Amino acid sequence: MTSDVVLSPSRPFRGLRWFVFTELLVQGHETLAMATSMVVQGVLLVFVWILNPGLLPVAFVGAIVFSMFTMGNRVLNEAAYLRIDHRSNDLYFASPLQPEAYFLGMALGILLVYIWPVVAIAAVSLWVVAYTPSLALLLFAVSAGVWLFSASVGYIFSTFFRENRAIWAYSSLFFNLFGVLFPVFYPLTLFPPALQPIALVLPPSAAAALVQSALGTIALSTNGVWLASGSLAVEVMACFVGAALWARRTAREP
Amino acid sequence: MAQPVRSANLPTEGRSLPAFLIIGWRWIGRNPAVAIAPILLPFIFLYFLSLISPAELLPLEIVGAMLFTLQNIGSWVLGDSASWRIEASLQDLFVASPMGRLRYLFGIAFSNLIAMIPALVILGTLLGYVEWDRGTPVPFYAWLILLGVLFALWVLFSSIGIAISSRVKTQREIWPVGNLTFAVLGMLSPLYYPISYLPPAWQLVAHGIPTTYAALLVQGVLGITPAATDTLLLYAGLLGLSTAIGVTIALRLYRWRPG
């Protein structure tokens, strides 16, 4: 007996468009999560407003970078939730949808929904940040890089969890450590000088440092600019390729 | 022929807290980050605040971190209780057992306190050292009052957490609801800065939140923001009253039933 189903050869990222749409519909119902996606950023901005209002421009661009960074947390939660609770990833992987399209589609769907609170923060920041076209372009570019890095890392992390309850502790440590402890919401120059090179190789603080430099808040040396931009570019590409390959590998697990 | 279980001989009380202690301990043992996260998170925020604020506010910020840690237990209680009910359907078992809802509440609150104790001990030691280093060592009675305040917040926010958990319908709601509730409550109260730093309208709102009286009482007792004895007694009374009202409302909202 033969099947009438015609299986066309699989190509990378097959089904991406449809899975972006699926995730968009799923996330579009998460109004509560969308509304609360800015809580930490809001709290930190309030702290800066009350304790040191002079740092508000830096804090606002930091809040935008941090918001893009925490989208990786959404990807982590969503991927783990679909796999552990719903087991719907088995269903998706049994379809012609390619695993890397599943990962990227989820990340893009989440981005399209959660970008609106970030746009709102950017709109409010117009009151305190003197944007120029080049500064806005730079902020857009580094934020996109941070998002892709974070979404890739979030997806890879999600495959290691066996229960949803454990995710919170690990993810809050990861995202607060690299997004709050390192100089994202405050100038790089307030960070200990010996540790500043480490901050420049970590994507969120590297992105923030580049924007702070363009903003004129800090004077980043040429070497510093190369270190930050080079690290960001390399880590983003490495993590994205790694996540796509990891998605393929983990999809084959029983 | 099967023999009926002689339930009259089985102990029906006195085992809840030790059982939940083991649950809390096992949870930390299996997930080290669960113990590390409550220790590191207040320090991450403390470090951030120490960079952007005047150095003289450090003791106030350490106390704020202690109060915030206890307040965050509410989020953990919410997460545990909702997960056990929705994901594991364990609440059916607890409701069917001789354990009442108050024991269940204190049990979950106690198991989560286990994970928070290392953070509180480290923050307490840091507070003692910073105050001693500044020539104003923390008096013994201030430690007792601090413990009392922490106990009140533990009971209050655990009750709020468990009350909300009984209304949550899906796993997806747990994190955003907990994040919104407890982060906003923490932000509105003057935990990390003197209340005088806030705009007048905000100060008015803050006076409706129990954590504000906890912060004002501890800051006053430690001499960080000096206050007269009468004022401190008033803060203590208002903290007790608001805690009692909060716990009563939370227990009324709390659904103790299967499913």
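This is a predicted model, so every value here is computed, not measured.

(A) Representation of the overall build of chain A in the model. When its secondary structure is counted, chain A shows eleven helices and zero strands. From first element to last, N terminus to C terminus, chain A shows the α and β order α-α-α-α-α-α-α-α-α-α-α. If you line up chain A on its principal axes, its C-alpha atoms span 75 × 40 × 35 Å. By residue count, 54% of the 254 residues in chain A fall in the buried class. Within chain A, counting contacts between residues at least 6 apart in sequence, those at least 24 apart form 82% of the total. Split by element, the accessible area of chain A, about 11,500 Å² in all, is 70% carbon and sulfur. Where the 11 positive side-chain charges of chain A centre and where its 10 negative ones centre are 4 Å apart.

(B) Local environment of the packing of helix H3 (residues 39-51) of chain A against helix H2 (residues 32-52) of chain B. For the pair H3(A) and H2(B), interaxial distance at closest approach is 10 Å and the crossing angle is 30 degrees. In terms of axis orientation, H3(A) runs roughly parallel to H2(B). Both H3(A) and H2(B) take part in a crossing whose hand is right-handed. Residue-level inspection shows Leu44(A), Phe47(A), Val48(A) and Leu51(A) of H3(A) in contact with H2(B), the latter providing Phe45(B), Phe48(B), Leu49(B) and Ile52(B). In terms of residue class, the contact of H3(A) with H2(B) is built from eight nonpolar, no polar and no charged.

(C) Broad picture of the interface of chain A and chain B. Between chain A and chain B, the contact holds 42 residues from the first and 39 residues from the second. Of all residues in chain A, the largest losses of buried area upon contact with chain B belong to Leu51(A), Arg165(A) and Trp168(A), amounting jointly to 20% of the total for that side. At the boundary of chain A and chain B, one finds one residue pair in polar contact (both at pLDDT 80 or more). Those elements that provide at least two residues to the side of chain A that touches chain B are helix H1 (16-28), helix H2 (31-35), H3, helix H4 (56-86) and helix H8 (167-181) of chain A. A per-element tally of the side of chain A that touches chain B places H3(A) first, with ten residues.

(D) Local environment of the side chain of Gln196(A). All names here are of chain A. Along the chain, glutamine 196 falls in helix H9 (residues 196-201). By relative accessible area, glutamine 196 is classed as buried at 18%. Reaching out from glutamine 196, the side chain makes a polar contact with the backbone oxygen of leucine 188 at a distance of 3.2 Å. Only 2.9 Å separates the side chain of glutamine 196 from the backbone oxygen of phenylalanine 191, close enough to count as a polar contact.

(E) View of the side chain of Ser125(A). When you line up the elements, Ser125(A) lands in helix H6 (residues 99-125). Setting aside chain neighbours within four positions, we find Ser125(A) in contact with Phe60(A), Ile64(A) and Tyr131(A).

(F) Spotlight on the pattern of salt bridges. All names here are of chain A. A complete count under the given rule lists one salt bridge over all chains for this structure. Between arginine 248 and glutamate 100 there is a salt bridge; the shortest N-O distance is 2.9 Å. One end of the pair, arginine 248, is in helix H11 (residues 222-251); the other, glutamate 100, is in helix H6, with 148 residues separating them in the sequence. With relative accessibility at 31%, the residue arginine 248 sits in the partly exposed group. Given the relative accessible area of 3%, glutamate 100 is considered buried.

(G) Region of interest: the nonpolar core. Among the nonpolar cores identified, the biggest contains 176 residues, and Phe47(A), Phe48(B), Ile52(B), Leu67(B), Tyr104(B) and Tyr193(B) are the most heavily contacted of them. For this core, the leading source of residues is H4(A), giving 17 residues.

(H) Structural detail: unusual backbone geometry. All names here are of chain A. Look at phenylalanine 13: it is not a glycine, yet its phi comes out positive at around 65 degrees. As for its placement among the helices and strands, phenylalanine 13 is situated in the segment before H1. We classify phenylalanine 13 as partly exposed; its relative accessible area is 27%.

(I) Geometry of a positive patch on the surface. A cluster of basic residues, Arg167(B), Lys169(B), Arg255(B) and Arg257(B), forms a positive patch at the surface. Relative to the elements of secondary structure, Lys169(B) occurs in the loop between helix H6 (140-165) and helix H7 (171-188).

(J) Representation of helix H1 (residues 16-30) of chain B in the model. All names here are of chain B. Its 15 residues place the ends of H1 21 Å apart at the C-alpha level, agreeing with the 21 Å of an ideal helix rising 1.5 Å per residue. All of the buried residues along H1 are Ser16, Phe20, Gly24, Trp27 and Ile28. Angularly, the buried residues of H1 cover 105 degrees about the axis, an arc narrow enough to put them on a single face. Among the exposed residues of H1, those oriented more than 90 degrees off its buried face are Ile22, Trp25, Arg26, Gly29 and Arg30.

(K) Broad picture of the environment of Trp127(A). When you line up the elements, Trp127(A) lands in the loop between H6 and helix H7 (133-158). A C-alpha to C-alpha distance of 9.0 Å links Trp127(A) and Pro57(A), two positions 70 residues apart in sequence.

Parameters and conventions
Residues numbered from 1 in each chain as written. Chains lettered and ligands numbered in written order. Predicted model: local features only at pLDDT ≥ 70, side-chain atom pairs only at ≥ 80, totals over all residues. Heavy atoms only, no water. Helix = DSSP H or I, 4+ residues; strand = E, 2+ residues; numbered from the N terminus. Buried < 20%, exposed > 50% of the residue type's maximum accessible area, 1.4 Å probe, protein only. Contact = heavy atoms within 4.5 Å. Areas by Shrake-Rupley, 256 points an atom, 1.4 Å probe, with all protein chains shown as cover. Lys, Arg positive; Asp, Glu negative; His and termini not counted. Charge placed at Lys NZ, Arg CZ, Asp CG, Glu CD. Axes fitted to C-alpha atoms, helices over the stretch in contact; angles between N-to-C directions. Parallel < 35°, antiparallel > 145°, perpendicular 65-115°, else oblique. Left-handed = near helix turned anticlockwise from the far one by under 90°. Nonpolar A, V, L, I, M, F, W, Y, C, P; charged D, E, K, R; others polar. Buried area = accessible area lost by both parts, 1.4 Å probe. Polar contact = N/O pair within 3.5 Å; in protein donor to acceptor, adjacent residues only side chain to side chain. Salt bridge = Lys/Arg side-chain N within 4 Å of Asp/Glu carboxyl O. Core = buried A, V, L, I, M, F, W, Y, C linked by side-chain atoms within 4.5 Å. Patch = residues over 30% accessible without salt bridge, like charges linked within 9 Å, V, L, I, M, F, W, Y side chains within 5 Å. Expected span 1.5 Å × (residues − 1). Arc of directions from axis to C-beta.

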